[in-house]
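Spelled out, the chains give:
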Amino acid sequence: MLKYGLSIVALAATSPALAQTGDAAADPRPGDAIIVTASRSGEGVRADQLGASVTAIDSEALEQRQTRIVSDVLRDVPGVAVSRTGGLGGMTDIRIRGSEANHVLVLVDGIEVADPYQGQFDFGGLLADPAARIEVLRGQQSSLYGSDAIGGVIHYITLSGREAPGLSARIEGGSFGTVAGSARAAGASDSFDYAITGTYYGANGYPTARGGVRDVGMQTVGASAKLGWTPSDAFRLNAVLRYGFSDADNNDSEYDTTSPRFGYIVDSPGVHVETESFHALLAAELTALDGRWVTSLSGQLSDTARHGRSPFGLDYGSKGQRYKGSLTSSIRFGTDAIAHRLTGAVDVEREAFRTLTPGAFQGKRHTDNLGLVAQYELTAGALSLGASLRHDDNNRFDDATTWRVQGSYRLPTGTRIRGAYGTGVKNPGYFELFGYIDGRYIGNPDLKPEKSEGWEAGIEQSFGADDWATIGATWFDSTLKGEIFTDYPAPDFTATPANRATTSKQHGIEAFASARPLPQLRFDLAYSWIKARENGAPEVRRPKHIASFNATVSSSDQRFAGTLTLRYNGRTTDLAYIDPSYVPVVVAMRDYVLVNLGADYRVTDAISVFGRVENLLGVDYEEVFSIATPGRAAYGGVRLRF
């Protein structure tokens, strides 16, 4: 493992995670959730006052669905498609509204965690902490966060010691030689709060090659610390430290062009990928004018190293670092009836990257970016309006200006109408610019940033005086210009990326329903119809239909809870490199339904036992061409709370 030395000299941007959100599990009604990701002010916005589409998965839902790997629960979010390459711990892509996986900005406790080398975040090694929540903000958000936020933003937030105090531990085991566990210690005094967490997930795994016998397993560990010091009402200091290490087995494709399995995944003994990451954030927050004026100065570091190994040694590797600093100031003014909030931010960022792949250029390169943000928010009773503008000055790419407007209005009948229009930008990643694989892939340093614009319109209906149920639907429409694609020019067909001269289109419908008619009953449904086309052809790994259903039933004394989860993934396509020219062939993959069933029983106030069955029906399916997935699996364990 790598040894890290940390020196954060420049303090930077207000981190959305620094807002005190409260425990979202206390009331899972969608409109009551406070969404910190939707504003650069750090104060958060009620979900039912946003013009944007947002889904908040609270800590109660994460626990009821016995979430161990974060990407699994993201399948329950409208507009989100998930695909994992390989076994547990393998490269996992998240696509929102038909966009690419690298069009999704990912924050963990306010830290931007995408690997600068790959240009995206790999969800394969992100384990679920014992007390956390997730916000998924859909649509173009570059006017707040800059490059990457074309499809949306995913923010994974661990709860602070003040929000969820206490000691807890969990140990479980089950199918595929799985052993997993976690431990958490959290608490708060008048001026100090802390939350320290450790997680582990290990499995011998299962065969991922069609007809294969080699079990593909993984070992993943994670550790985090979230600290806060508030010596006075006017000042707060926050710190976040996160470490992760994953060693995941992998299988390669058959490269023998004379073999009938050329291009298919085959058993590859000794092949595995090691990924190590370190993330840190330090922030100081100053409050004035009776809490109406908040200024934040913070700095963050993200460091990711990846090594792909085989029995012959290092096959490929990369390192990527991000150093980010920002100054944010936000002021609220007006009356109780009409409230205004103005926010300004300055983001200074450097991304550095290098490849460790033998035979490739291994020099270090970097990109510097200065971002200037202005945001305005208005709340006037049932009406909420917002606008944001950002200008990015980049030393490698063309400067970019992005903007967004949105609005929401709730009628006396409980009906809410909302809409938004925005633009987005995505800078090319290092591998796209400078990647090299002899005879198979050559990067293109002349690539231009991708640009997106789109709009959405939604309607929601709440029922009852306490909004015990809410249903809603959204239509979205986006256009992507200059999309980066992989070209295979004759005569040697060596792959190289390029910008398309044509536009790519994404549009569709997202629908949801959430209800809690009784304290013992909870229902959550999500459905998406997405049509994404690139150069006139359907985009791969983006099913047209995606749906999920979750139902939790608890006993009257809250000691027992059972949860049923159904997840549907519609028919989709993928690219298969089964032609000797290495030009990919489009293949179809059938739809499938996964059924999970979980139960939890609290034996005493401190001890609970739980169990779950995943893929209850034993469905045979593929998310990525020729990569087999797990069959039926069962797990059980014990949880302690003090």
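Each chain has its residues counted from 1, running along the sequence as written. The model is predicted, so local features are restricted to residues of pLDDT at least 70 and side-chain atom pairs to those at 80 or more, both for listing and for counting; the totals for chains, interfaces and linings are taken over all residues. Note that the side-chain values use all heavy atoms of the structure and ignore hydrogens as well as water.

Counting its secondary structure elements, the protein chain contains 4 helices and 38 strands. Throughout, the radius of gyration refers to the C-alpha atoms, and the reference size of a globule is 2.2 Å times the residue count to the power 0.38. Whereas a compact globule of 642 residues would reach a radius of gyration of roughly 26 Å, the protein chain reaches 24 Å, a difference of no more than 12%. Summarising its shape, the C-alpha atoms of the protein chain cover approximately 75 × 60 × 50 Å along the three principal directions. In the protein chain, which comprises 642 residues, the share counted as buried stands at 56%. Whether two residues touch is decided by their heavy atoms; if any such pair falls within 4.5 Å, the residues are in contact. Restricting to contacts in the protein chain with at least 6 residues of sequence separation, those with at least 24 account for 63%. Areas reported as accessible are Shrake-Rupley estimates using a 1.4 Å probe. Residue values count occlusion only from the protein chains shown. Working note: accessible area of the protein chain is about 25,400 Å², and carbon and sulfur atoms make up 60% of it. Here the protein chain holds 62 positive side-chain charges and 74 negative ones, and the gap between their average locations is 1 Å. A helix here means a DSSP run of H or I that spans at least four residues, while a strand means a run of E at least two residues long, and both kinds are numbered starting from the N terminus. Relative accessibility thresholds used throughout: buried, under 20% of the residue-type maximum; exposed, over 50%; partly exposed, between the two (1.4 Å probe, protein chains only). His is not counted, nor are the chain ends, whereas Lys and Arg count as positive and Asp and Glu as negative. In plain terms, the charge of a residue is placed at NZ if it is Lys, CZ if Arg, CG if Asp and CD if Glu.

What pLDDT expresses is the predictor's confidence in each residue, scored from 0 to 100. Summary statistics for the protein chain give a mean pLDDT of 92 and a share of 95% for residues scoring 70 or more. Low confidence marks residues 1-27, where pLDDT is under 50. Its contacts with residues over four positions away, or in another chain, come to 83 contacts.

Attention shifts here to the pairing of strand 10 (residues 166-174). Relative to strand 11 (residues 178-188), strand 10 is paired through 9 bridges, and the arrangement is antiparallel. Counted as the bridge partner of G173 is V179 from strand 11. Paired strands, as defined in this entry, are two strands with at least two bridges between them according to DSSP. Note that strand 10 and strand 38 (residues 633-641) share 7 bridges and pair antiparallel. Its bridge partner being in strand 38, G174 is matched across the sheet by Y635.

To continue, consider the pattern of salt bridges. Put simply, a salt bridge is a Lys or Arg side-chain nitrogen that is within 4 Å of an Asp or Glu carboxyl oxygen. Taken as a whole and judged by the stated rule, the model has 53 salt bridges. Of the charged contacts in the structure, one is a salt bridge between E172 and R68, with a shortest N-O distance of 2.5 Å. Note that E172 is positioned in strand 10 and R68 in the loop between helix 1 (59-64) and helix 2 (70-73), a separation of 104 residues in sequence. Among the residues examined, R68 registers a relative accessible area of 11% and is labelled buried. D249 is the partner of R214 in a salt bridge, and the nearest nitrogen-oxygen pair spans 3.9 Å. Of this pair, R214 sits in the loop between strand 12 (192-207) and strand 13 (215-232) while D249 sits in strand 14 (residues 235-249), and the two are 35 residues apart along the sequence. By relative accessible area, D249 is classed as partly exposed at 25%. Because the salt bridges share partners, they merge into one network encompassing D58, E60, R65, D76, R516, R522, D524 and R567.

You can see N394 is positioned in strand 20 (residues 383-394). Any pair of N or O atoms that falls within 3.5 Å is considered a polar contact. Within protein, one atom must be able to donate a hydrogen and the other to accept it, and sequence-neighbouring residues count only if both atoms are side-chain atoms. Reaching out from N394, the side chain makes a polar contact with the side chain of N369 at a distance of 3.1 Å. Beyond its immediate chain neighbours, meaning those up to four positions away, N394 contacts T367, D368, N369, D399 and N427.

Ordered in space as 3-8-9-6-7, the 5 strands form an open sheet in which the pairing is mixed. Among the strands making up the open sheet, the edge pair consists of strand 3 (53-57) and strand 7 (111-112). Relative to strand 9 (residues 152-158), strand 8 (residues 132-138) runs antiparallel, the two sharing 7 bridges. Counted as the bridge partner of E135 is H155 from strand 9.

Moving on, we come to unusual backbone geometry. Backbone geometry places D109, a non-glycine residue, at a positive phi of 50 degrees. Structurally, D109 is set in the loop between strand 6 (104-108) and strand 7. We classify D109 as buried; its relative accessible area is 2%. Backbone geometry at Q558 places phi at a positive 65 degrees, although glycine is not the residue there.

Our next topic: the nonpolar core. With 29 residues, the main nonpolar core has L74, V80, F123, I134, V136 and I154 as its most contacted residues. Of all the secondary-structure elements, those providing two or more residues to this core are helix 1, helix 2, strand 4 (80-85), strand 5 (91-96), strand 6, strand 8, strand 9 and strand 15 (272-288). Apart from residues lying up to four places away in sequence, V136 is in contact with S53, V54, T55, L74, V77, V80, I96, V153 and I154. Counting 15 residues, the second-largest nonpolar core is a separate cluster that includes I35, A38, V45 and V153. Nonpolar cores are built from buried Ala, Val, Leu, Ile, Met, Phe, Trp, Tyr and Cys residues. Side-chain atoms within 4.5 Å join them into one set.

Put simply, the second largest pocket is a space of about 990 Å³. A 1.4 Å probe that fits but cannot get out identifies a cavity on a 1 Å grid over protein atoms alone, an open set with protein on both sides within 12 Å along at least five of seven lines counts as a pocket, and a residue lines either if it has an atom within 4 Å of a point. Lining the second largest pocket are 45 residues, and of these S59, E60, E63, R639 and R641 lie nearest its centre. Counting residues per element, the ones that place at least two in the lining of the second largest pocket are helix 1, strand 10, strand 11, strand 30 (521-534), strand 32 (545-554), strand 33 (560-569), strand 36 (592-602) and strand 38. Three categories are distinguished: nonpolar for Ala, Val, Leu, Ile, Met, Phe, Trp, Tyr, Cys and Pro, charged for Asp, Glu, Lys and Arg, and polar for the others, with Gly belonging to the last. Each residue belonging to the lining of the second largest pocket can be placed in one class, and the counts come to 16 nonpolar, 15 polar and 14 charged. Grid points are joined across faces, edges and corners, and a volume is the space filled by probe spheres set on the points.

Relative to the helices and strands, Q558 resides in the loop between strand 32 and strand 33. With 39 residues separating them in the primary sequence, Q558 and P519 have C-alpha atoms 9.2 Å apart. Setting aside residues up to four positions removed in sequence, Q558 forms contacts with P519, Q520 and R602.

You can see A183 is positioned in strand 11. Take A183: its relative accessible area is 38%, and that puts it in the partly exposed class. Distance from A183 to D129, taken between C-alpha atoms, is 8.8 Å for residues 54 residues apart in sequence. With residues near it in sequence (within four places) discarded, A183 still touches S168, A169, I196, T197 and G198.

Now for empty space enclosed by the protein. For the structure shown, the criterion picks out 12 cavities of 30 Å³ or more. Elements represented by at least two residues in the lining of the largest cavity include exactly helix 2, strand 12, strand 33, strand 36, strand 37 (607-614) and strand 38. Each residue belonging to the lining of the largest cavity can be placed in one class, and the counts come to 14 nonpolar, 11 polar and 9 charged. Contributing to the lining of the second largest cavity are 28 residues, with S147, D148, E351, N394 and N427 lying nearest its centre. Elements represented by at least two residues in the lining of the second largest cavity include exactly strand 18 (339-355), strand 19 (365-380), strand 20 and strand 22 (415-426). Looking at the lining of the second largest cavity residue by residue, the class counts come to 9 nonpolar, 8 polar and 11 charged.

What follows covers the packing of aromatic side chains. Between rings of Phe, Tyr and Trp, where Trp is taken as its six-membered ring, a pair exists when centres lie within 6.5 Å; planes separated by under 30 degrees are stacked, by over 60 edge-to-face, and by other angles tilted. Applying the stated criterion across every chain, the model contains 13 aromatic pairs. Following the ring pairs from residue to residue traces out a cluster consisting of Y117, F353, Y430, F431, F434 and Y441. Across from the ring centre of F485, 4.0 Å away, lies the NZ or CZ of R500, which sits over that ring. A ring is considered to have a charge above it if a Lys NZ or an Arg CZ atom is located within 6 Å of its centre and within 35 degrees of its normal.

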